[in-house]
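Spelled out from the first residue to the last, the chains are:
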Amino acid sequence: PTMYGNFRHFLFIVPPIFVYCSIGLQGIFERIKVFPAYGLLLIILVLPSIYWNVSLHPYEYVYYNSAIGGIRGAFRNYELDYWTTSYKEATEYINKVSPKKASVVVWGSNHIVERYARDDLNIQKYHQGDEKDTPPGTYVIISTRLNKDIYLYPMATQLFQTGRDGAIFAAVKVPDPASPPYPNQ
């Protein structure tokens, strides 16, 4: 079945998994008689998690294992940044480059952008069909969730993107005054 919203709907099975893993580790430790081997085994088991937590920070929850090809393999095949935490990084970019009183159209979680945006920015929630009415020079923040970064504002100039390990989480675009809002117009 379709897993709407990723693994979060299966979080209730995580505690039993930890219990079974700890029982297995206890069995392994009972068979190992050399004390330094305990530490070495724990380091071997924990090191991949530490690596991924550091390399994905602050997007640790988008982790996919190597069976799917990691984050790069999951990109555009599975949902990654479904909480749109990458909007903070996109907003910080707009804060740096935008002129005073610039307009920002946000697809999805505009409350994240409102929280981190400069006070002078005009934050607007995206509504279907806004591409036709968005004036040039307006910044647009779009998540890659549901591939919206491809379909919304396809002819806009992409200025910035957030992501990790070859996967894009959000894009910042500006509609180009010379191009129509849709490729077929």
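Heads up: the structure comes first, above all this text.
What counts as what
- Here the residue index of a chain counts from 1 through its sequence in written order.
- For this predicted model, a pLDDT threshold of at least 70 governs which residues receive local features, and a threshold of 80 or more governs which side-chain atom pairs are given and counted, while totals over whole chains, interfaces and linings are taken from all residues.
- Remark: hydrogens and water are excluded; side-chain values derive from all non-hydrogen atoms of the structure.
- Secondary structure elements are taken from DSSP: a helix is a run of H or I of four residues or more, a strand is a run of E of two residues or more, and numbering for both begins at the N terminus.
- Definition of a polar contact: a pair of N or O atoms within 3.5 Å, with one able to donate and the other able to accept a hydrogen when the atoms are protein atoms, and with sequence-neighbouring residues admitted only if both atoms are side-chain atoms.
- Contacts are assigned to residue pairs that have any heavy atoms within 4.5 Å of one another.
- Aromatic contacts are taken between Phe, Tyr and Trp rings whose centres are within 6.5 Å, Trp giving its six-membered ring; a plane angle under 30 degrees counts as stacked, one over 60 as edge-to-face, and the others as tilted.
- For each residue, the accessible area found with a 1.4 Å probe, counting protein chains only, is set against the maximum for its type, and the residue is called buried under 20%, exposed over 50%, and partly exposed in between.
- Any two strands with at least two DSSP bridges between them are considered paired.
- The way it works is a 1 Å grid over only the protein atoms, where trapped points that fit a 1.4 Å probe form a cavity and open points with protein on both sides within 12 Å along at least five of seven lines form a pocket, and then any residue with an atom within 4 Å of a point lines it.
- Grid points are joined across faces, edges and corners, and a volume is the space filled by probe spheres set on the points.
- Three classes are used, and their members are as follows: Ala, Val, Leu, Ile, Met, Phe, Trp, Tyr, Cys and Pro are nonpolar, Asp, Glu, Lys and Arg are charged, and the others, Gly among them, are polar.

The next point concerns the side chain of threonine 144. Relative to the elements of secondary structure, threonine 144 occurs in the loop between strand E3 (139-143) and helix H7 (148-151). Within the structure, the side chain of threonine 144 is placed 2.8 Å from the backbone oxygen of isoleucine 168, a separation counted as a polar contact. Excluding residues within four positions of it along the chain, threonine 144 makes contact with Phe75, Arg76, Asp149, Ile168, Phe169 and Ala170.

Glancing now at the packing of aromatic side chains. Under the counting rule described, the total for this entry stands at 10 aromatic pairs. Ring pairs connect the aromatic residues Tyr51, Trp52 and Tyr63, which therefore count as one cluster.

Residue pairs spaced three or four apart in an α-helix point in one direction, given the helix's 3.6 residues per turn. The set of residues buried in helix H4 (residues 87-97) consists of Tyr87, Ala90, Thr91, Tyr93, Ile94 and Asn95. Contact partners of the buried residues in H4: strand E1 (103-106), helix H5 (110-116), E3, strand E4 (157-164) and strand E5 (167-174).

All right, on to the pairing of E4 then. Taken together, the 7 bridges between E4 and E5 define a ladder with antiparallel strand orientation. From the neighbouring strand, glycine 163 faces E5, where its bridge partner is isoleucine 168. From the end of E4 to the start of E5, which pair antiparallel, there are 2 residues, and aspartate 165 there has a positive phi angle of about 50 degrees.

Our next topic: the layout of surface pockets. Here the second largest pocket defines a volume of roughly 260 Å³. Partitioned by chemical class, the residues of the lining of the second largest pocket number 5 nonpolar, 3 polar and 1 charged.

Among all residues save glycine, negative phi is the norm, and among peptide bonds the norm is trans. Following histidine 57, the chain continues into proline 58 via a peptide bond in cis, with omega recorded as 5 degrees. Here proline 58 shows up in the loop between helix H2 (35-56) and helix H3 (70-74). For arginine 76, which is not glycine, the phi torsion reads 70 degrees and is therefore positive. Residue placement: arginine 76 occurs in the loop between H3 and H4. Since its relative accessible area comes to 32%, arginine 76 is described here as partly exposed.

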